[in-house]
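Here's the letter readout for the chains.
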Amino acid sequence: STLAPLQTPKNLIDIGQAQRAVDENPDDPMAHLQLALAYQQADILDMEQASITQVLALVGTDEGVLWDACRVAAGEGAWLSAARLAVEAVELHFGTSTELPGDQRVLFHETVYKSAKNPLMNEYIAFDRLARLDEPFSQAVKARYTFFKGDWNAAQEILDELVRMKPDYAEAQLLQAEFSALSGDVEGAALALSDLRANPGVQGWMLQEAEVIEEQLP
């Protein structure tokens, strides 16, 4: 099938119009992606993910299209949708036995990390699946998901284990800053943010997250 041009919507997407595009081009994964984004904007999350499931089925093993779709979803802040596309793409890439390019690894980490705040995340991305791709990162994602599900103590235990396994892990420092800030430990949050900014492995999206955390400190 011919793929519709990739575009990041600048305005709200009309669900009816997006559905008509799908009806006219049922084999076009990008039409289904636009419908997913329309549902995401309307906060109809189950339908958003149903559309992403269709995208994945139609794209199949085309890693390049998966990454393109992931970037579009990430550009709209549809983090769980972007994460599902990224995980699928990373799994396909690992099957080639070649190293994942740096920009793709960054996008993989950013989308999945940010998706962990979504209560639906573990329904679509299993932690053991992530662990097969990147064990330390899977622990960071599990800790963040657990935290936002409301079990702060269990989340901190997972994070502490991650720090023991991988000291100076940038994602762990970002998590500690977030956990400390939200639990009222201003000093702990400030220390974690300082460690993160001094970490040579920190990525740009982490620094942006750090700024958001810092702005929320009293």
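Residues numbered from 1 in each chain as written. Predicted model: local features only at pLDDT ≥ 70, side-chain atom pairs only at ≥ 80, totals over all residues. Heavy atoms only, no water.

Draft legend 1. Quick peek at the overall build of the protein chain. When you go through the protein chain residue by residue, the secondary structure sums to 13 helices and zero strands. Beginning at the N terminus, the succession of helices and strands in the protein chain can be written as α-α-α-α-α-α-α-α-α-α-α-α-α. Here the C-alpha radius of gyration of the protein chain, 18 Å, is about what a compact globule of 218 residues would show, namely 17 Å. For the protein chain, the spread of C-alpha atoms along the principal axes amounts to about 55 × 40 × 25 Å. Out of the 218 residues belonging to the protein chain, those deemed buried represent 48%. Of all intrachain contacts in the protein chain linking residues separated by at least 6 positions in sequence, the fraction that spans at least 24 positions is 62%. Accessible surface, the protein chain: about 10600 Å² in total, of which carbon and sulfur atoms supply 49%. Distance between charge centroids for the protein chain: 1 Å, based on 15 positive and 35 negative side chains. (Helix = DSSP H or I, 4+ residues; strand = E, 2+ residues; numbered from the N terminus. Rg over C-alpha atoms; globule rule 2.2 N^0.38 Å. Buried < 20%, exposed > 50% of the residue type's maximum accessible area, 1.4 Å probe, protein only. Contact = heavy atoms within 4.5 Å. Areas by Shrake-Rupley, 256 points an atom, 1.4 Å probe, with all protein chains shown as cover. Lys, Arg positive; Asp, Glu negative; His and termini not counted. Charge placed at Lys NZ, Arg CZ, Asp CG, Glu CD.)

Draft legend 2. Region of interest: the packing of helix α5 (residues 79-94) against helix α6 (residues 102-115). α6 packs onto α5 with a crossing angle of 140 degrees between their chain directions and a minimal axis gap of 8 Å. The angle between α5 and α6 places the two elements in the oblique class. Considering the relative orientation of α5 and α6, their crossing is left-handed. Across the interface between the two elements, W79, L80, A82, A83, A86, V87, V90, H93 and F94 of α5 pack against Q104, R105, F108, E110, T111, V112, K114 and S115 of α6. Residue composition of the contact of α5 with α6, by class: ten nonpolar, four polar and three charged. (Axes fitted to C-alpha atoms, helices over the stretch in contact; angles between N-to-C directions. Parallel < 35°, antiparallel > 145°, perpendicular 65-115°, else oblique. Left-handed = near helix turned anticlockwise from the far one by under 90°. Nonpolar A, V, L, I, M, F, W, Y, C, P; charged D, E, K, R; others polar.)

Draft legend 3. Just the packing of α6 against helix α9 (residues 135-148), in detail. Direction vectors running N to C along α6 and α9 enclose 25 degrees, while the axes themselves pass 8 Å from each other. As summarised for this structure, α6 and α9 are arranged roughly parallel, according to the angle between their axes. For the pair α6 and α9, the contacting residues are F108, H109, V112, Y113 and K114 in the first and F137, V141 and R144 in the second. Looking at the contact of α6 with α9 residue by residue, the class counts come to five nonpolar, one polar and two charged.

Draft legend 4. Seen up close, the pattern of salt bridges. Within the structure shown, the criterion is met by nine salt bridges. Note that E209 and K114 form a salt bridge whose closest N and O atoms lie 3.9 Å from each other. Note that E209 is positioned in helix α13 (residues 204-215) and K114 in helix α6, a separation of 95 residues in sequence. Take E209 and K114: they sit in the same class, and that class is buried. Across the pair E178 and R144 runs a salt bridge whose closest N-O atoms are separated by 2.8 Å. Here E178 is found in helix α11 (residues 170-182), whereas its partner R144 is found in helix α9, with 34 residues between them in sequence. Taken individually, E178 and R144 each receive the classification buried, so the pair is uniform in this respect. A single network of salt bridges, built from pairs that share partners, joins E88, E91 and R129. (Salt bridge = Lys/Arg side-chain N within 4 Å of Asp/Glu carboxyl O.)

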